[in-house]
Amino acid sequence: MSKKVFALILFLTLSLAACTQPGADHTSSPSRAEPDAGAYDWKTEEWRRGGDSYAGETLYVEKNISGLEYQADPEYDYRFSEYRCWGANFYSLDQFLSLTDSSVPVIWYINGYEDATGEIWHRPIELPKMEEYGEAEKRICSFDILNPREYVLFVQILNGDETLAYLAMRFSMEGDYLSAFDLYPSMQSYEGCILTSPGGSMVFGNVYVDCEGRYFLDATDRVAVLDAAGEPLAELAWDQEDSFSSFAMKTAEGEPVFDLYSNAS
């Protein structure tokens, strides 16, 4: 993976100064003031905000990792890649398809860079057959890293235009399917988790996991936290008008970090 593309895709917006790393390239907007930079733990404290809105900073990964993405056969002329990290380990989810030949099947790969050894690996993704959903379409939407041994695919189950489920499917890094949990009922109860596109199809907000298996649902103006069984634990939200949330990064321990912004004057 080229350094330019890596920086553009993997930049992380931070407003928590405690997470800034030495050597990071970061600038902030001169028109906005930086808030109190304390890190607030949703498990033990009420969510608080600084007195002013803040544009955040930009953190670029310092290491150039070449070859992280899988190189598919030439018949695949389109690739979409999504990236995640855990500490100094980096991962990508690659989708390959042909824009010129609809008979070429879509394929997916999960790729990883292990910082301790410098190893880069590529593994094809095969979704399991699930009898309860019959011949329904399984559409991979996103992924996240549960821990250095497991990752989670977020998969929409469709019967025509009807969404039957939105599954968090756990896999080992070797590609073994472990379990699945349906997030769809919980997502329906939080406004902003599911949006409707101009064409009428459902668009799901991003979901992230921590090392304890908790789910963090990006619901536009707040972050809803669910336990591993889908029960609500907390909501991270501002009392500021016209606010929105944004995933920033994960700590070295696998805890997601979010920014909450406001466009209110």
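A quick note: this is a predicted structure, and the numbers were derived from the prediction, not measured.

## As for the pattern of salt bridges
All chains considered together, the criterion is met by six salt bridges. Residue E82 is joined to R84 by a salt bridge in which the shortest nitrogen-to-oxygen separation is 2.7 Å. Exposure remark for E82: the relative accessible area of 14% places this residue in the buried category. Residue D144 pairs with R84 through a salt bridge whose shortest N-O separation is 3.7 Å. Of this pair, D144 sits in strand β7 (residues 137-147) while R84 sits in strand β3 (residues 78-86); the two residues are 60 residues apart in sequence, bridging distant segments of the chain.

## Focus: the sheet that holds strand β15 (residues 222-226)
A sheet is described by the order of its strands in space; here four strands give the open sequence β13-β14-β15-β16, paired in antiparallel fashion. Whereas interior strands pair on both sides, the edge strands pair on one side only; in this sheet they are β13 (207-209) and β16 (232-237). Each adjacent strand pair in this sheet contributes to an overall mean axis angle of 20°, direction not counted.

## Notes on a nonpolar patch on the surface
A cluster of nonpolar side chains, namely Y78, F80 and L99, defines an oily patch on the protein surface of about 310 Å² accessible area. Within the secondary structure layout, L99 lies in the loop between β4 (89-97) and β5 (107-114). Residue L99 is classed as exposed on the basis of its relative accessible area of 61%.

## Remarks on the sheet that holds β5
If you trace the four strands from one edge of the open sheet to the other, you get β3-β4-β5-β6, paired in antiparallel fashion. Two strands in the sheet have a free side with no partner beyond their single neighbour: β3 and β6 (119-124). Averaged over neighbouring strand pairs, the angle between their axes works out to 20° when direction is ignored. In this structure, β3 lies alongside β4, joined through nine bridges in antiparallel fashion.

## A few points about the side chain of D210
With respect to the helices, strands and loops of the structure, D210 is situated in the loop between β13 and β14 (215-218). Accessibility expressed as a relative area gives 0% for D210, which makes it buried. There is a polar contact of 3.0 Å between the side chain of D210 and the backbone nitrogen of E212. In this structure, D210 is in contact with L146, F216, G254, E255 and P256, ignoring residues within four places of it in sequence.

## Focus on the confidence of the model for the protein
Summing up the model confidence of the protein, the mean pLDDT is 76 and the portion of residues at 70 or higher is 71%. Per-element mean pLDDT across the protein ranges from 30 in helix α1 (residues 3-10) up to 96 in β6. Every residue in residues 1-37 scores below 50 in pLDDT, and together they form 80 contacts with partners more than four places removed in sequence or on other chains. For residues 47-60, every residue scores under 50 in pLDDT, and the model assigns this stretch 52 contacts once sequence neighbours within four places are set aside.

## A short note on the packing of aromatic side chains
Evaluation of the coordinates by the stated rule reveals nine aromatic pairs. An aromatic cluster of at least three residues, connected via ring pairs, comprises Y70, Y76, F96 and Y109. Across the ring face of W121, the terminal group of R123 is positioned such that the distance to the ring centre comes to 4.2 Å.

## Describing the environment of R79
Residue position: R79 is located in strand β3. Overall, R79 belongs to the partly exposed group, its relative accessible area being 38%. The sequence separation of R79 and E69 amounts to 10 residues, and the corresponding C-alpha distance is 9.6 Å. Excluding residues within four positions of it along the chain, R79 makes contact with E69, Y70, Q71, D94, Q95 and F96.

## So, the side chain of N89
Residue placement: N89 occurs in strand β4. A distance of 3.3 Å separates the side chain of N89 from the side chain of E114, its partner in a polar contact. With residues up to four places along the chain from it excluded, the contact list for N89 reads R84, Y113, E114 and D115.

## Some remarks on the pairing of β5
For β5, a buried count of seven out of eight residues is recorded, marking the element as mostly surrounded by other parts of the structure. Examined bridge by bridge, β4 and β5 share seven bridges and lie antiparallel to one another. The residue of β5 that forms the bridge with S92 is N111. Here β5 runs beside β6; their pairing, made up of six bridges, is antiparallel. Counterpart to Y113 in the pairing with β6 is I120. Connecting β5 to the next strand, β6, in antiparallel fashion are four residues, including G118 with a positive phi near 80°.

Criteria and cut-off values
Residues numbered from 1 in each chain as written. Predicted model: local features only at pLDDT ≥ 70, side-chain atom pairs only at ≥ 80, totals over all residues. Heavy atoms only, no water. Salt bridge = Lys/Arg side-chain N within 4 Å of Asp/Glu carboxyl O. Buried < 20%, exposed > 50% of the residue type's maximum accessible area, 1.4 Å probe, protein only. Helix = DSSP H or I, 4+ residues; strand = E, 2+ residues; numbered from the N terminus. Pairing = 2+ DSSP bridges. Axes fitted to C-alpha atoms, helices over the stretch in contact; angles between N-to-C directions. Patch = residues over 30% accessible without salt bridge, like charges linked within 9 Å, V, L, I, M, F, W, Y side chains within 5 Å. Areas by Shrake-Rupley, 256 points an atom, 1.4 Å probe, with all protein chains shown as cover. Polar contact = N/O pair within 3.5 Å; in protein donor to acceptor, adjacent residues only side chain to side chain. Contact = heavy atoms within 4.5 Å. pLDDT = per-residue confidence, 0-100. Phe/Tyr/Trp six-rings, centres within 6.5 Å; stacked < 30°, edge-to-face > 60°. Lys NZ or Arg CZ within 6 Å of the ring centre and 35° of its normal.

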